[in-house]
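Here is what each chain is made of, one letter per residue.
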Amino acid sequence: MYFWALIFTTSFPLKKHNDNNTTMSNNKRIKSALISVFSKDGLAPIVKELEAQNVTIYSTGGTEKFIKELGVNVIPVEDVTSYPSILGGRVKTLHPKVFGGILNRQNNEKDVAELADFDIPQIDLVIVDLYPFEKTVASGATHQDIIEKIDIGGISLIRAAAKNYDDVVCVASVDDYNTFLDILKTKNGETSEEDRKLFAAKAFNVSSHYDSAIFNYFNADHDIASLKISETNGQVLRYGENPHQRGFFFGNFDELFTKLHGKELSYNNLLDVDAAVNLMNEFKGESPTFAILKHNNACGFAQRDTIHQAYVDALAGDPVSAFGGILIANTEIDKDTAEEIHSLFCEVVIAPSFSEDALEILKGKKNRILLILKDIEFAATTVRTCLNGILVQDKDHKTDRIEDLSEVTQKTPSNNELEDLIFASKICKHTKSNTIVLAKNKQLCASGTGQTSRVDALNQAIHKAKSFNFDLQGAVMASDAFFPFPDCVEIANKAGITAVIQPGGSIKDQLSIDYCNEHGLAMVMTGTRHFKH
């Protein structure tokens, strides 16, 4: 029996809510605090303020030492529990005298009596910073080092304090230190129920994200069919796909790009940027290559000896659709290229780098977004909502190569045709299905995108290529899926196309092969379909 479980976790930006019918009072003064953190960054001002407000501070290990070095009185947790830190530091705060002080209900007479009976100190504030599990995994550390960075005591303290937010403040992230310090100062050590509940929500956000990261590390091979996605970096967008829709982006955009200039990226900008970087990744390290995209599809694409000529020829592919498009290069954009780009209205320009002169020119339009693409590792899976659930699949990492091709016709492609076939196939892979891509001399002539039939896609591509005065004699054709009938190769042949690349796999492949043989076309098969829905 295969058990499926799904947890989809994101962190939506908090929306302020004022309900005139509901008031949260129940103010509590902080009289005691337990502090146990991995990173001491930003902690000193809080400790100093707690001391100034005569708050009793408990701590242990490195945090206790840090507080003492600040000249602030601190009570070791070991003095409360009468147990030392044991098992190499694995057990420090896991004790009834600690968790009793956090979890007791101060409005419950029995709880209060038990605190007195067992000499358990009340704890009003818990500050925790967890072991850096994700950073340790990302660093390439050994498995044993990663295991040791699974926090036990800290995560338990967070859950306990957040659960009992009626009486306890839980600060579970360095990101919240400034907010908490401001409350501490402005309210003179008092917190409202609303304050504590908000900190509790943030604390559970931290703990759930932490547990998701640990699970995903252990389930790297996906032996357990369970999905846990947790993104804590949330950005409110101007709107979604359309102005009447709300939109959010969850992820660390700055890990991928350095933004040099321009307005905030929109929902649609982000989708186009994603399409652009995935397409250009197919041409990483190759000769200067330039792409222009619109609505996730390439409308212009060329590879040349210089990036300037690559841009000029990419633009020639469809100068109409290029208006308002997304531009991307696989090498530095220089002054000459920037001068050409500057005359075009475009939303985003992406490159590994820009020359100083190019940057000065392109910044001439205040809203134009300029991004430096960092050397990144792309995600291994794709995720999208579907019906009342989520679809997950391996990303299409298969790139067609010359050595993978099967020559199935009597005529074999020339070396130039082979290069164009691979060039067209890469573009085809990143174009909405059904699609046909026409290319010649490493320039996109046209593509038919998102059509309900492959014949329609081909006719659209031919019409478009001719409308921009492309000579298709000697051009090549790429298809994202097989031809069930010979109609496409027949139409292509009549348009002047001389070589075809397609996956193959139809029970009627031979019909298309026979037509090519009869009319002198070369055709190769990849064995790999590249649908993109």
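Structure: above.
In this text, all values refer to a predicted model and were calculated from it rather than measured experimentally.

### What about the nonpolar core?
Phase 1 of the analysis: Core analysis: the largest hydrophobic core is formed by 41 residues, its most contacted members being Val273, Leu293, Phe301, Ile328, Ile350, Leu371 and Ile427.
Phase 2 of the analysis: Apart from the residues within four sequence positions on either side, Leu293 is in contact with Ala275, Ala276, Leu279, Ala298, Cys299, Gly325, Ile326 and Ile328.
Phase 3 of the analysis: Counting 28 residues, the second-largest nonpolar core is a separate cluster that includes Tyr58, Phe99, Ala160 and Val168.

### Concerning the packing of helix α4 (residues 96-103) against helix α8 (residues 153-163)
Phase 1 of the analysis: Packing of α4 against α8 brings their axes to within 8 Å, and their N-to-C directions diverge by 30°. As summarised for this structure, α4 and α8 are arranged roughly parallel, according to the angle between their axes. Here Val98, Phe99, Ile102 and Leu103 of α4 lie close against α8, whose contacting residues are Gly153, Ser156, Leu157, Ala160, Ala161 and Lys163.
Phase 2 of the analysis: Looking at the contact of α4 with α8, its residues break down into 7 nonpolar, 2 polar and 1 charged.

### What to know about the sheet that holds strand β23 (residues 476-479)
Phase 1 of the analysis: The strand order β20-β25-β24-β23-β21-β22 describes an open sheet built from 6 strands, whose pairing is mixed. What marks the edges here is a single partner per strand, and that holds for β20 (406-407) and β22 (444-448).
Phase 2 of the analysis: As judged from the 4 bridges shared by strand β24 (residues 499-502) and strand β25 (residues 522-525), these two strands associate in the parallel manner. When the sheet's bridge partners are listed, Gln502 is paired in β25 with Met525.

### Some points on the environment of Cys346
Phase 1 of the analysis: As for its placement among the helices and strands, Cys346 is situated in strand β16 (residues 346-351).
Phase 2 of the analysis: Of the residues examined, Cys346 reaches a relative accessible area of 4% and is grouped as buried.
Phase 3 of the analysis: Sequence separation between Cys346 and Asn278 is 68 residues; the distance between their C-alpha atoms is 19 Å.
Phase 4 of the analysis: If we skip the residues at most four places from it in the chain, Cys346 touches Gly324, Gly325, Leu327, Ile341 and Arg368.

### A look at helix α19 (residues 509-519)
In an α-helix, one full turn covers 3.6 residues, which means residues spaced three or four apart are oriented alike.
Phase 1 of the analysis: Within the sequence span of α19, burial applies to Asp509, Ser512, Ile513, Tyr515 and Cys516. One side of α19 carries all its buried residues, which in axial view fall inside an arc of 160°.
Phase 2 of the analysis: As for α19, its buried residues are in contact with α18 (487-495), β24 and β25.
Phase 3 of the analysis: Where α19 terminates, the next one or two residues include Gly520, which has phi positive at roughly 75°.

Parameters at a glance
Every chain is numbered independently, its residues counted from 1 as its sequence is written. Local features are withheld for residues below a pLDDT of 70 in this predicted model, meaning they are given only at 70 or higher, and side-chain atom pairs are given and counted only at 80 or more; totals for whole chains, interfaces and linings count all residues. Values reported for side chains reflect all heavy atoms of the structure, with hydrogen atoms and water molecules removed beforehand. Buried Ala, Val, Leu, Ile, Met, Phe, Trp, Tyr and Cys residues that are joined via side-chain atoms within 4.5 Å together make up what is termed a nonpolar core. When accessible area is computed with a 1.4 Å probe and restricted to protein chains, residues below 20% of their type maximum are described as buried, those above 50% as exposed, and intermediate ones as partly exposed. Here, residues are in contact when the closest pair of their heavy atoms is within 4.5 Å. Here the axes come from fitting lines to C-alpha atoms, over the contacting stretch only for helices, and the angles between their N-to-C directions go from 0 to 180 degrees. Under the scheme used here, helices are H or I runs from DSSP no shorter than 4 residues and strands are E runs no shorter than 2 residues, and both carry numbers assigned from the N terminus. Working definition: roughly parallel below 35 degrees, roughly antiparallel above 145 degrees, roughly perpendicular at 65 to 115 degrees, and oblique for all remaining angles. Classification convention: Asp, Glu, Lys, Arg as charged; Ala, Val, Leu, Ile, Met, Phe, Trp, Tyr, Cys, Pro as nonpolar; all other residues, Gly among them, as polar. For two strands to be treated as a pair, DSSP must find at least two bridges joining them. By construction, the arc corresponds to the directions joining the helix axis to the C-beta atoms.

None of the figures reported here should be taken as evidence of function without further support.
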